[in-house]
Each structure stands twice: as structure tokens, then as C-alpha cells.
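# Per-entry structural report
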Amino acid sequence: MYKIERPKFYAAAIVIVWHDSYGGLRINRKCQVIDTDGNPIPGLYAGCEASGGGNQHGLGRGLVHAYIAGTNAHEEPAA
Ligand SMILES: Cc1cc2nc3c(=O)[nH]c(=O)nc-3n(C[C@H](O)[C@H](O)[C@H](O)COP(=O)(O)OP(=O)(O)OC[C@H]3O[C@@H](n4cnc5c(N)ncnc54)[C@H](O)[C@@H]3O)c2cc1C
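The sections below set out a description of the structure shown in this document. (Residues numbered from 1 in each chain as written. Predicted model: local features only at pLDDT ≥ 70, side-chain atom pairs only at ≥ 80, totals over all residues.)

### Focus: unusual backbone geometry
For the record, the criterion: For the purposes of this entry, the term helix denotes a DSSP run of H or I that reaches at least four residues, the term strand denotes a run of E that reaches at least two, and both are numbered from the N terminus. With C-beta atoms placed from the backbone, a residue is buried if 20 or more other C-beta atoms are within 10 Å of its own, exposed if 12 or fewer are, and partly exposed between those counts.
Between Pro7 and Lys8 the backbone carries a cis peptide bond, its omega angle lying at 15 degrees. Assignment of secondary structure puts Lys8 in the segment before β1 (32–34). Here the phi dihedral of Cys31 falls at roughly 65 degrees; this positive angle occurs in a residue that is not glycine. Position of Cys31 relative to the elements: it lies in the segment before β1. When the 25 C-beta atoms within 10 Å are taken as the criterion, Cys31 is described as buried. Positive phi outside glycine occurs at Cys48, with the angle close to 50 degrees. Secondary-structure assignment places Cys48 in the loop between β2 (40–45) and α1 (58–75).

As C-alpha cells, then:
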């Protein structure tokens, strides 16, 4: 929008920092990890940054996933 004509000029390196990852293990509504056939893997749970497919952000996502995974892991019968 404006010409930058008069010195002194300064430069700053800008590095992108990721706040969230939206890729990861596929999970169902119980936070069970889903295999390539669409079946839950017994005893394996994931959430937040380790899980993919969601679009929620940050710590709220982590807390909700932890609650869901922990509750369901507690209720899952031992193999
Ligand atoms: C710069 C920045 C700012 C952010 N600001 C906000 C914000 O303001 N509000 C918000 O809600 N969210 C924010 N977020 C996002 C939020 O911090 C993350 O979404 C959240 O912390 C992810 O939680 P997590 O448990 O999935 O992963 P993490 O918090 O990354 O926890 C994973 C843990 O696993 C450990 N680990 C890794 N490998 C191993 C291993 N092999 N064995 C044992 N332990 C291992 C790591 O050391 C780490 O402690 C921010 C993120 C960044 C990067």
C-alpha cells in the first residue's frame, strides 16, 4: 500500500508457530482409536493433538477428550 523509501530499514524473521495440529489418529465419539477397517482398537484411546479430524481448539479440546477417553477407558471391560 505504501512505498518504503526512507532508511533506516530493519528486517525481522517471522517464523510460523503451530498452535494446533488437526491431523492425527482417527477416533470415534468415545475417543477410541479407529483402525483402517473402521473398528475401534481395544484399549487404545487418543485425543487432542494426537487425534485428527476435529476442528476444536486447544486446551478445551484436550480437557474434553481426556474426560471422554478416561471415562470410557474406565468402563471398558478388561481384555
Ligand atoms: C504457542 C502456543 C500457544 C497456545 N495457546 C493456547 C491458548 O491460549 N489456549 C488454548 O486453549 N490452547 C493453546 N495452545 C494449544 C494447546 O497448548 C494444545 O492444543 C494442548 O496443549 C495440546 O495438548 P495435548 O495434551 O494434546 O499435547 P501436549 O500438551 O503437547 O502434551 C503432550 C505431552 O506428551 C509428552 N510426550 C511426547 N512424547 C512422549 C513420549 N514418547 N513419552 C512420554 N511423553 C511424551 C510431551 O512432553 C508433552 O508433555 C497453544 C499452543 C501453542 C504451541
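After that view of the structure, there is still more to cover.
### What about the site of the ligand?
For clarity, the threshold we go by: Near, as applied to residues and a molecule or strand, means the residue's backbone-placed C-beta atom lies within 6 Å of it. Three classes are used: nonpolar for Ala, Val, Leu, Ile, Met, Phe, Trp, Tyr, Cys and Pro, charged for Asp, Glu, Lys and Arg, and polar for all others, with Gly counted as polar.
Around the ligand lies a shell formed by Val17, His19, Asp20, Cys48, Glu49, Ala50, His57, Gly58, Leu59, Gly60 and Gly62. Its residues placed into classes, the shell around the ligand shows 4 nonpolar, 5 polar and 2 charged.

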